[in-house]
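As a plain string of letters, each chain reads:
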Amino acid sequence: MQVDATQASEILLVYGEGTVTTPRYRLWNGSVWGVEGSAQAVTNTINWVKTASGVTRNEYALVTLDQSNDAYAQIYSASTTSWGNQKLLSSVVTSNAYRGIAVGYESLSGDAMAVSCTNGPDPVYSIWNGTSWSATSSINASSLNNCNFLEIASDPASDEMILVVRDTGTQYEALVWDGSTWVDSRVIGSSALVASEGLSVVYESSGDQAIVAVSNNTANNVAYTVWDGAAFSPNTTQTIGNDFLFGKLEADPESDEIALCYIDASSDIGILQWDGGAWNTFQEIELTGNTSTARPIECNYETMAGRSDYLLATYSDTTDSRYQSATSTVWSTEATLSTISDSFWVQSERADDGTIVAVNLDDASDFLDTSYWNGTSWSAKSTLETSPSSVIA
């Protein structure tokens with residue numbers, strides 16, 4: 001899901017439907033999801049999607065990875081309410097089982113970067129300038145193994161971006177883009193399991209620093225480094241309960257606080273909070289997470305009146321979808337998220353008006369179910385798709 005930076009309440013959701021080769025999408029208007037629409041068709045059944053919202057133009061960028069190992073990028077224009085400008089990034093992605101695609105926008109120029117793994121160590125990228133895509137270019141990764149997972153983050157204060165690459169072995173590498181070229185890199189960590197991405201990257205809302213957090217093999221910690229705009233800090237670790245398998249970093253829009261919400265190898269769902277200079281001690285808010293082979297957890301900082309000090313965690317145990325909220329490190333009592341059953345994948349997004357929308361891949365029925373949080377309660381569950389093609393990320 002992705003928030004439109006030019007619309008206070010809009011959120012884009014893109015997903016696959018059955019064996020259909022056309023990505024489906026819906027737009028959230030602040031109170032309901034719109035009717036299902038179609039993006040431009042790709043080669044085969046869709047396995048993965050990534051989206052990003054334009055910052056200087058009213059548009060979205062979408063990258064898909066399908067079962068033919070093809071990675072495509074395309075653009076949604078709000079002025080024409082249609083998708084176009086499709087670009088084949090790679091037709092030889094090593095494996096469609098892993099999320100080897102990423103997309104993000106430079107915060108000042110408004111250019112988008114779409115990135116894809118190939119059948120070698122070096123990812124490729126293309127730049128969208130609002131009119132056309134550039135020719136694809138290679139990113140020189142240090143690994144000798146093929147590219148497998150990708151994640152990208154944008155500096156809110158410049159055109160800088162950080163891309164994290166995980167290979168088919170155990171290596172992670174963070175690479176820094178300065179708006180024109182790749183200027184620095186850092187190898188860090190070691191993946192715990194082949195199928196577990198174990199990586200996330202985000203900038204503080206001020207843009208002063210970015211955190212790269214990755215797995216550290218079977219050690220009970222997270223490996224991380226901090227980028228300050230000039231250099232990476234020495235690689236170090238932060239203790240958690242078991243191996244870091246899946247998680248996502250979330251930046252507080254009103255401070256330099258960051259939360260890492262994760263699931264570990266014990267299926268424990270935990271939270272680490274960064275205060276701008278250091279991590280606090282990890283907290284485990286659920287000891288029976290739905291699965292450790294996906295990400296049944298996401299967090300969002302709240303921004304509605306009276307709720308700006310709260311971090312909201314949406315997650316799933318083995319029975320139902322749940323939520324808790326916290327001020328500082330004091331968490332509320334666990335409660336059930338609407339009537340959504342236990343979920344393999346949990347995704348939530350905060351619209352610019354403060355509404356938080358959750359979309360879960362429900363284990364019980366294999367539906368895409370949704371509910372929204374208004375700062376007080378969750379709405380009644382509704383179902384967006386009864387035949388999703390694969391994991392939404």
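Our subject is the structure that appears above.
Computed from a predicted structure; not experimentally measured. (Residues numbered from 1 in each chain as written. Predicted model: local features only at pLDDT ≥ 70, side-chain atom pairs only at ≥ 80, totals over all residues. Heavy atoms only, no water.)

Q: Provide a residue-level description of the environment of Trp133, including the pertinent values.
A: You can see Trp133 is positioned in the loop between strand E11 (124–128) and strand E12 (137–138). C-alpha separation for the pair Trp133 and Asn360, spaced 227 residues apart in sequence, amounts to 33 Å. Not counting chain neighbours up to four residues away, the residues in contact with Trp133 comprise Ala73, Gln74, Ile75, Asn85, Lys87, Ala112, Ala114, Ser126, Ile127 and Trp128. At a separation of 2.7 Å, a polar atom in the side chain of Trp133 contacts the main-chain carbonyl oxygen of Asn85. (Helix = DSSP H or I, 4+ residues; strand = E, 2+ residues; numbered from the N terminus. Contact = heavy atoms within 4.5 Å. Polar contact = N/O pair within 3.5 Å; in protein donor to acceptor, adjacent residues only side chain to side chain.)

Q: So what's going on with the sheet that holds strand E8 (residues 82–90)? Residues and values would help.
A: Pairing within the open sheet is antiparallel, and its four strands lie in the order E5-E6-E7-E8. Two strands lie at the open edges of the sheet, namely strand E5 (46–53) and E8, each paired on one side alone. When the angles between neighbouring strand axes are averaged without regard to direction, this sheet yields 20 degrees. Pairing geometry for E5 and strand E6 (residues 59–66), over seven bridges, is antiparallel. Each bridged residue has a counterpart across the sheet, and for Ile46 the counterpart in E6 is Asp66. (Pairing = 2+ DSSP bridges. Axes fitted to C-alpha atoms, helices over the stretch in contact; angles between N-to-C directions.)

Q: Kindly report on the side chain of Glu106, identifying the contributing residues and their values.
A: Here Glu106 shows up in the loop between strand E9 (101–105) and strand E10 (112–116). Here Glu106 sits buried without a salt bridge, and the closest side chain of opposite charge, Arg57, lies 8.8 Å off (N-O distance). Among residues more than four places away in sequence, those in contact with Glu106 are Val55, Asp111, Asp159, Met161, Trp177 and Gly179. (Buried < 20%, exposed > 50% of the residue type's maximum accessible area, 1.4 Å probe, protein only. Lys, Arg positive; Asp, Glu negative; His and termini not counted. Salt bridge = Lys/Arg side-chain N within 4 Å of Asp/Glu carboxyl O.)

Q: Run through the pattern of salt bridges, naming residues and quoting values.
A: Summed over all chains, the structure comprises 13 salt bridges. Taking the shortest distance from any N to any O, the salt bridge between Arg24 and Glu17 comes out at 2.7 Å. Judged by its relative accessible area of 16%, Arg24 falls in the buried class. Salt-bridge contacts for Glu197 lead to Arg99; the nearest nitrogen and oxygen are separated by 2.5 Å. With Glu197 in the loop between strand E16 (182–188) and strand E17 (199–203) and Arg99 in the loop between E8 and E9, this pair connects stretches of sequence that are 98 residues apart. Comparing Glu197 with Arg99, the two get one shared label, buried. Through salt bridges with shared partners, a single ionic network connects Lys50, Arg99, Glu151 and Glu197.

Q: Summarise the pairing of E10; cite the residues concerned and give the values.
A: Burial analysis of E10 places five of its five residues in the buried class, the great majority of the element. Of the two faces of E10, the one carrying Ala112, Ala114 and Ser116 and the one carrying Met113 and Val115 are both buried. Both E9 and E10 contribute to a ladder of five bridges, which runs antiparallel. Across the sheet, residue Ala102 finds its bridge partner in E10, namely Val115. Turn length for the E9-E10 hairpin, with the two strands adjacent in sequence and antiparallel, is six residues, and the turn residue Gly110 shows positive phi of about 80 degrees.

Q: Explain the nonpolar core residue by residue, including any values.
A: Membership of the largest hydrophobic core comes to 33 residues, with the highest contact counts inside it found for Met113, Val115, Tyr125, Leu150, Leu163 and Trp182. Ignoring any residue separated from it by four or fewer positions in sequence, one finds Leu150 in contact with Arg99, Gly100, Ile101, Ala102, Val115, Ser116, Cys117, Pro123, Leu163, Val164 and Val165. Ile11, Trp33, Ala351 and Val359 belong to the second largest nonpolar core, which has 30 residues in total. (Core = buried A, V, L, I, M, F, W, Y, C linked by side-chain atoms within 4.5 Å.)

Q: Account for the pairing of strand E2 (residues 11–15), with residues named and values stated.
A: Of all five residues that make up E2, five are buried, and the element is covered over most of its length. The two faces of E2 match: Ile11, Leu13 and Tyr15 on one face and Leu12 and Val14 on the other face are all buried. Across five bridges, E2 lies against strand E3 (residues 24–28) in antiparallel orientation. What sits directly across from Leu12, in E3, is Leu27.

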